[in-house]
Amino acid sequence: MNEAADERRADQGETGGPGEQRRGTLSVVPTPIGNPRDITLRALDVLRTAGLVAAEDTRRARRLLDAHDIDVRIVSCYDHNEQARTAELISVLNAGTDVALISDAGTPLVNDPGYLVVGAALADGLRVDPLPGASAALSALVGSGLPANRFLYVGFLPRKSAARRTALTELAPLAATLIFFEAPHRVVEMLADVREVLGDRSAALVRNLTKSHEEWLRGPLSQVHADLAARDEVKGEITVVVEGVRRGGSTNGGVGAGGLDPDRVIELLLGAGLDTRTVRSLAGQLTGLARNEVYDRVSALRPR
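Here's what I pulled together on the structure shown here. (Residues numbered from 1 in each chain as written. Predicted model: local features only at pLDDT ≥ 70, side-chain atom pairs only at ≥ 80, totals over all residues. Heavy atoms only, no water.)

1. Some details on the overall build of the protein chain
The cut-off we apply is this: Strands here are runs of E lasting at least two residues and helices are runs of H or I lasting at least four, both read from the DSSP assignment and numbered beginning at the N terminus. Note on classification: 1.4 Å probe, protein chains only; a residue is buried when its accessible area is under 20% of the maximum for its type, exposed when over 50%, partly exposed between these limits. Whether two residues touch is decided by their heavy atoms; if any such pair falls within 4.5 Å, the residues are in contact.
What the protein chain contains, in helices and strands, is 12 helices and 10 strands. With 304 residues in all, the protein chain has 46% of them scored as buried. The long-range share in the protein chain, meaning contacts at least 24 apart out of those at least 6 apart in sequence, stands at 69%.

2. Considerations on unusual backbone geometry
With a phi close to 80°, Leu 109 is a non-glycine residue in the positive phi region. Structurally, the position occupied by Leu 109 is in the loop between strand S4 (99-102) and helix H5 (115-123). Although it is not a glycine, Thr 210 adopts a positive phi angle of roughly 75°. If you trace the backbone, Thr 210 turns up in the loop between strand S8 (202-207) and strand S9 (215-220).

3. With respect to the sheet that holds S9
Here is the rule we go by: Any two strands are treated as partners once DSSP identifies two or more bridges connecting them. Helix axes are fitted to C-alpha atoms over the stretch in contact, other axes to C-alpha atoms as well, and angles between N-to-C directions run from 0 to 180 degrees.
The five strands are arranged S6-S7-S10-S8-S9 in an open sheet whose pairing can be described as mixed. Pairing within the sheet leaves two strands with one partner each, and these edge strands are strand S6 (151-156) and S9. Here the average twist between neighbouring strands, direction ignored, is 15°. Relative to strand S10 (residues 238-242), strand S7 (residues 177-182) runs antiparallel, the two sharing five bridges. Bridge pairing in S10 places Glu 182 opposite Ile 238. Contacting S7, S8 and S10, helix H8 (residues 187-198) crosses the sheet at an angle of about 10° to S10.

4. Observations concerning the packing of aromatic side chains
Short version of the rule: Aromatic pairs are defined between Phe, Tyr and Trp rings, using the six-membered ring for Trp, whenever the two ring centres lie within 6.5 Å; interplanar angles under 30 degrees are classed as stacked, those over 60 as edge-to-face, and all others as tilted.
Scanning the model with the defined rule gives two aromatic pairs in all. Taking the centre distance of 5.3 Å and the plane angle of 65° together, the rings of Tyr 153 and Phe 181 count as edge-to-face. You can see Tyr 153 sitting in strand S6 and its partner Phe 181 sitting in strand S7, a full 28 residues away along the chain. Overall, the relative accessible area of 27% leaves Tyr 153 in the partly exposed class. Residue Phe 181 is classed as buried on the basis of its relative accessible area of 11%.

Okay, structure coming up:
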């Protein structure tokens, strides 16, 4: 290791005592998601001083490192070899070599490999140093204009519509803003299912985030869906952000906070012969609608 690496370890309290075998640090290093300048000075320092880089794609990693004149050994660590590679990386760390873990783009582990490596390192008592940096999910969230105080990163939904709708039904009652990734050739069908299950909520879609041809679409899901559906082809990397349920009211085109159709709930309760006061109380509890909205719906739907 060079002097810069020794100085960094000393600053972080990583040096061992006299006669103690030093163990390496596993650094989780975010890399640019589009704009190549979106890498931190600290990330570059870590990559320069690492003894080994574990990368999702060694070719992409080499291009990144060459662009910053960084010469370090690279090994692959991707979905299909991560389990086998983990033991090797733990051994390297225990021998005193610092390892930097990177993915193709963004923060490792977030829809990318690395979970097994980090888990094994922690279980073995090794130091894991997660660096802040580029994240498509967070950049899309803060640019969406939707609430960011509570959010859920969902990632990719199932590819088949039936399974996708089942997954969306489980998400329907959540108040958190929802963040999805989707492939360009599936995004139109995905948006149709999201609107069908969640209602016409506010949404934002960003394509090719941080690149020179970055594109944002913001508005109701119906509007975003119609815009993409009208195109001959959709290309690029896509992140979709969807509004969660607002407690005490419906903001999603008629679907209540429990993911239920309020009018259908009220019709069933009235059909069961319950008095209107009971129907209003139960409908409010089941759907999460405001009292005045429940009152108006019950008044409109009750038999005359």
